[in-house]
Amino acid sequence: MPFTKMEGIGNDYVYINDLKEEIEDLAELAIQVSEQHFGIGSDGLIVLRPSNKADFQMRMFNLDGSEGRMCGNGIRCLAKFIYDNGLWDQKSIEIETLSGVKTVQLIFNDQGEVTGARVNMGQAIIDTALIPITAEEDQWINQAITIAGQAYQVTGVSMGNPHLVIFQENIKDLDLQALGPCFEYDTRFPEQINTEFAHVHNRQEISMRVWERGSGETLACGTGACAVAVAGVLNGLTEETIKVNLLGGTLTITWDRSDTGHVYMEGPARTSFTGHYFPQVH
Ligand SMILES: N[C@H](CCC[C@H](N)C(=O)O)C(=O)O
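Keep in mind that this is a model prediction, so the values were computed, not measured. (Residues numbered from 1 in each chain as written. Predicted model: local features only at pLDDT ≥ 70, side-chain atom pairs only at ≥ 80, totals over all residues. Heavy atoms only, no water.)

1. Description of the side chain of Thr128
Along the polypeptide, Thr128 turns up in the loop between strand E8 (114-123) and strand E9 (143-147). Of note is the side chain of Thr128, whose polar atom sits 2.7 Å from the backbone oxygen of Glu137. Setting aside anything within four residues of it in sequence, one finds Thr128 in contact with Ile133, Ala135, Glu137, Asp138, Gln139 and Trp140. (Helix = DSSP H or I, 4+ residues; strand = E, 2+ residues; numbered from the N terminus. Polar contact = N/O pair within 3.5 Å; in protein donor to acceptor, adjacent residues only side chain to side chain. Contact = heavy atoms within 4.5 Å.)

As structure tokens, this is what we get:
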């Protein structure tokens, strides 16, 4: 089974063209390929499928086999995968995801190579019931909660997938391996949750780390960076366009509240290598 390994600022996935819809158990394949010793090693699996609502469909799976409803770093790389494999020849691609159709504008270098993309990530959702967060409050903006016996001020945002944003001074010394699962599996998050810890440098720049639902700490999370940018505006900490520094690199995020209310994400996309995977037969 041919595959392409790609990364968006270090958030790496295995990409497979399944336009023929021949792969039956995508969750099982995600678990297999993500494992570094018996598989390939990645944060998960992204599969290209046909769509009757858009040019293509993206199916995205975390390394534990759970399906993500949207993946920001992944959709930039998938658009590059589509163009580089000659499946599309225009600079704009509409990609169907479980959280709606997203428009991806490819970015080229002077040699005509795709080096990244700008994605319309759609609306940010802050109604707790829609994130979902089980809470009496309609919104969690700077909401005081307790997790694992510690008090936190949190902001809930969905980019089609659920996020909880915490702003704090020190994000370097966080023990995310211990703390991350306490957030991810808290019973107030019925579909689990991606958690971002963000340090505000100034009104135009934030640094963050992320514990991803289903994948653990990753070097970057595109939807997470969007959630942090939205939370920054909601908490009066940042402007509508900011630079977000993640462990694997930097994204530019804009929340256009004046016009569409949509969130835009711009960042790199890179192919690491291609290969052939032989699925394990149990
Ligand atoms: N773990 C996420 C999916 C991947 C999101 C992230 N890798 C991104 O770039 O947006 C979830 O289950 O909601």
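There's plenty left to go through after this.
2. Observations concerning the site of the ligand
Not every one of the 16 residues close to the ligand is listed here, only the nearest: Tyr13, Glu212, Arg213, Gly222 and Thr223. Taking Asn194, its side chain carries an N or O atom lying 2.9 Å from an oxygen atom of the ligand. Backbone polar atom of Gly222 to an oxygen atom of the ligand: 2.8 Å apart, as the coordinates give it. Surface burial for the ligand is 100%, taken as the share of its 360 Å² of free accessible area covered by protein chains. For the shell around the ligand, the secondary structure elements donating two or more residues are strand E2 (11-17), strand E4 (56-62), helix H2 (72-84) and helix H4 (222-234). (Near = heavy atom within 4 Å. Areas by Shrake-Rupley, 256 points an atom, 1.4 Å probe, with all protein chains shown as cover.)

3. A closer look at the UniProt feature "active site" (unreviewed entry) in the chain
The feature "active site" (unreviewed entry), as given by UniProt, occupies Cys71 and Cys221 in the numbering adopted here. These residues run over 151 residues, yet every pair of their C-alpha atoms falls within 7.7 Å of each other. Structurally, Cys71 can be placed in the loop between strand E5 (67-68) and H2. Using a relative accessible area of 5% as the deciding quantity, one classes Cys71 as buried. Not counting residues within four places of it along the chain, the set of residues in contact with Cys71 comprises Tyr13, Ile46, Met58, Met60 and Thr223. Beyond its immediate chain neighbours, meaning those up to four positions away, Cys221 contacts Asn11, Asn73, His163, Glu196, Met208, Val210, Glu212 and Leu246. (UniProt positions renumbered as here; feature names shortened; annotations may be inferred. Buried < 20%, exposed > 50% of the residue type's maximum accessible area, 1.4 Å probe, protein only.)

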